[in-house]
Amino acid sequence: MAPTDETGQSARNASPPGMTPPPEPSPHQGDAGHAARMPRWLPRAMVLALALIGAFQLGTWAFHQLIGLLLNILIAFFLALAIEPAVSRMAARGMRRGLATFLVFFGLLIAVAGFFTLLGSMLAGQIIKMIEGFPEYLDSVIHWVNTTFHTELRRVDIQEGLLHSNWLKKYAQNSAAGVLDVSTQVLGGLFQLLTIALFSFYFAADGPRLRRALCSVLPPARQAEVLRAWEIAVDKTGGYLYSRGLMALISGVAHYVLLQALGIPYAPVLAVWVGVVSQFIPTIGTYLAGALPMLIAFTVSPLYALWVLLFVVVYQQFENYMVQPKLTSKTVDIHPAVAFGSVIAGTALLGAIGALISIPAVATLQAFLGAYVKRYAVMDDPRVHGHRERGEGPGPLTRARGLWTRGRDRTRGPRQGPGGSG
């Protein structure tokens with residue numbers, strides 16, 4: 001048995017003379033596994049982080065799946081704001097709000113259905129006329145080609161070539177295969193319109209109940225702000241639709257004058273088509289509006305179709321830079337540059353829907369935030385009014401004379417003395 005010292009330690013572990021003994025292990029330190037143990041909060045933090053990431057991914061997926069429904073609800077909300085004044089006026093006279101909303105929607109439905117019925121009958125008649133007169137058009141084109149290029153084309157040869165061409169067969173096959181896609185898109189569009197109409201009906205009919213439900217979860221100060229924002233949105237949306245209707249009237253009258261002067265058939269219907277489609281269908285409305293009058297004018301004379309095209313392009317530029325900014329600034333009360341920029345931003349964010357609702361949305365936001373902006377009296381300074389006081393600074397004639405004198409001196413260069421350069 002190994003000898004031990006007074007402290008009970010083995011003599012074998014004793015340090016040699018002249019050397020410092022190794023430090024003894026602290027009784028508070030555990031073994032190596034206990035020292036490397038994972039903190040208790042780390043597993044919970046990892047689980048919480050994974051849960052947050054999963055919730056974010058799930059929310060992103062759900063948002064992308066429901067973005068179509070959310071856009072439909074947004075359109076329905078602005079449509080309900082647009083018909084809110086008419087419904088409220090009828091309800092104030094004792095009519096039930098649901099019945100008043102139904103009557104407003106029924107009137108809009110009759111107007112839209114009547115317009116498209118009249119337009120469809122006109123298009124059907126023109127299509128039949130074009131099909132019946134197609135051989136004459138083809139003969140005139142062939143005659144012009146033979147006379148100009150000294151060829152010997154015949155209508156029979158062209159018809160047989162088209163009937164036996166691979167291009168026509170492929171086009172027929174693709175058209176037959178695309179019938180199902182077109183039908184699916186038409187059904188999807190009808191379902192989308194039904195969804196918008198249903199939500200807008202509920203928003204308009206249950207407007208007071210919706211406002212009460214929203215205000216019931218807010219303190220009194222916030223309730224006043226929400227109600228004021230709602231009222232501003234109704235006014236701005238109504239003003240925007242009023243401006244659009246006025247621009248549609250101006251556009252329809254201008255195009256009616258042109259079509260009537262050229263002798264184009266169905267000029268009143270075409271004028272209404274141009275006015276409504278160009279103003280209430282954003283982005284592509286102008287092209288759809290101008291294509292139909294051009295097609296009808298082409299049946300009369302190709303030169304008339306060219307005149308219609310030129311007039312549509314010129315009038316569109318006049319409307320974009322002269323009529324729309326000024327009219328929008330008066331009815332919606334926003335600056336023309338802000339209106340133009342809001343349309344561009346809305347188109348970039350939400351496409352055609354954003355272009356349609358961007359102006360009333362920006363006008364509502366501007367009017368609502370304007371109450372929280374503190375304004376001060378502007379000092380009476382000529383620079384604020386954009387002109388100088390009389391006698392302040394050199395006049396335009398004096399400045400022009402000085403510029404002309406300095407330019408003449410630089411052209412002549414430095415003067416030279418009699419003995420050379422001096």
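A brief structural summary. Remember, predicted model here, so these are calculated numbers, not experimental data.

## Brief notes about the environment of leucine 259
On the secondary structure map, leucine 259 appears in helix H8 (residues 220-262). Each C-alpha atom of the pair leucine 259 and alanine 271 lies 8.0 Å from the other, and the pair is 12 residues apart in sequence. Setting aside residues up to four positions removed in sequence, leucine 259 forms contacts with Ile264, Ala267, Leu270, Ala271, Pro293 and Val308.

## Details of the packing of aromatic side chains
Tallied over the full model, the rule gives 10 aromatic pairs. Measuring from centroid to centroid gives 6.1 Å for tryptophan 144 and phenylalanine 149, while their planes differ by 85°, and the two rings are edge-to-face. An identical accessibility class is assigned to tryptophan 144 and phenylalanine 149; each is exposed. Centroid distance phenylalanine 201 to tyrosine 202: 6.2 Å. Interplanar angle 65°. Geometry classified as edge-to-face. Ring-pair connections join several aromatic residues into one group, and the members of that group are Phe77, Phe78, Phe199, Phe203 and Trp230.

## Points about the nonpolar core
Membership of the largest hydrophobic core comes to 20 residues, with the highest contact counts inside it found for Leu119, Ile264, Leu270, Trp273, Leu292 and Val308. Breaking this core down by element, the ones donating at least two residues are helix H3 (97-132), H8, helix H9 (267-280), helix H10 (285-300) and helix H11 (302-331). The element contributing the most residues to this core is H9, with six residues. With near-sequence residues (within four places) excluded, leucine 119 lies in contact with Val269, Trp273 and Leu292. Judged by nonpolar contacts, the second largest core, of 11 residues, contains Ala76, Leu81, Ala233 and Ile357.

## Section: the side chain of asparagine 146
Assignment of secondary structure puts asparagine 146 in helix H4 (residues 134-149). For asparagine 146, a relative accessible area of 19% translates into the label buried. Look past the residues within four positions of asparagine 146 in its chain and what remains in contact with it is Thr151, Glu152 and Leu153.

## A few points about the environment of alanine 205
Here alanine 205 lies in helix H6 (residues 166-205). Judged by relative accessible area, which is 13%, alanine 205 ranks as buried. Alanine 205 has contacts with Arg97, Gly98 and Thr101, leaving out every residue within four places of it along the chain.

## Focus: H9
A rise of 1.5 Å per residue sets the reference length of H9, with its 14 residues, at 20 Å; its end C-alpha atoms lie 20 Å apart and thus fit the reference within 8%. The buried fraction of H9 is high, at 10 of 14 residues. Those residues of H9 lying buried are Ala267, Val269, Leu270, Ala271, Trp273, Val274, Gly275, Val277, Ser278 and Gln279. Lining the buried residues of H9 we find H3, H8, H10 and H11.

Criteria and cut-off values
- Residues numbered from 1 in each chain as written.
- Predicted model: local features only at pLDDT ≥ 70, side-chain atom pairs only at ≥ 80, totals over all residues.
- Heavy atoms only, no water.
- Helix = DSSP H or I, 4+ residues; strand = E, 2+ residues; numbered from the N terminus.
- Contact = heavy atoms within 4.5 Å.
- Phe/Tyr/Trp six-rings, centres within 6.5 Å; stacked < 30°, edge-to-face > 60°.
- Buried < 20%, exposed > 50% of the residue type's maximum accessible area, 1.4 Å probe, protein only.
- Core = buried A, V, L, I, M, F, W, Y, C linked by side-chain atoms within 4.5 Å.
- Expected span 1.5 Å × (residues − 1).

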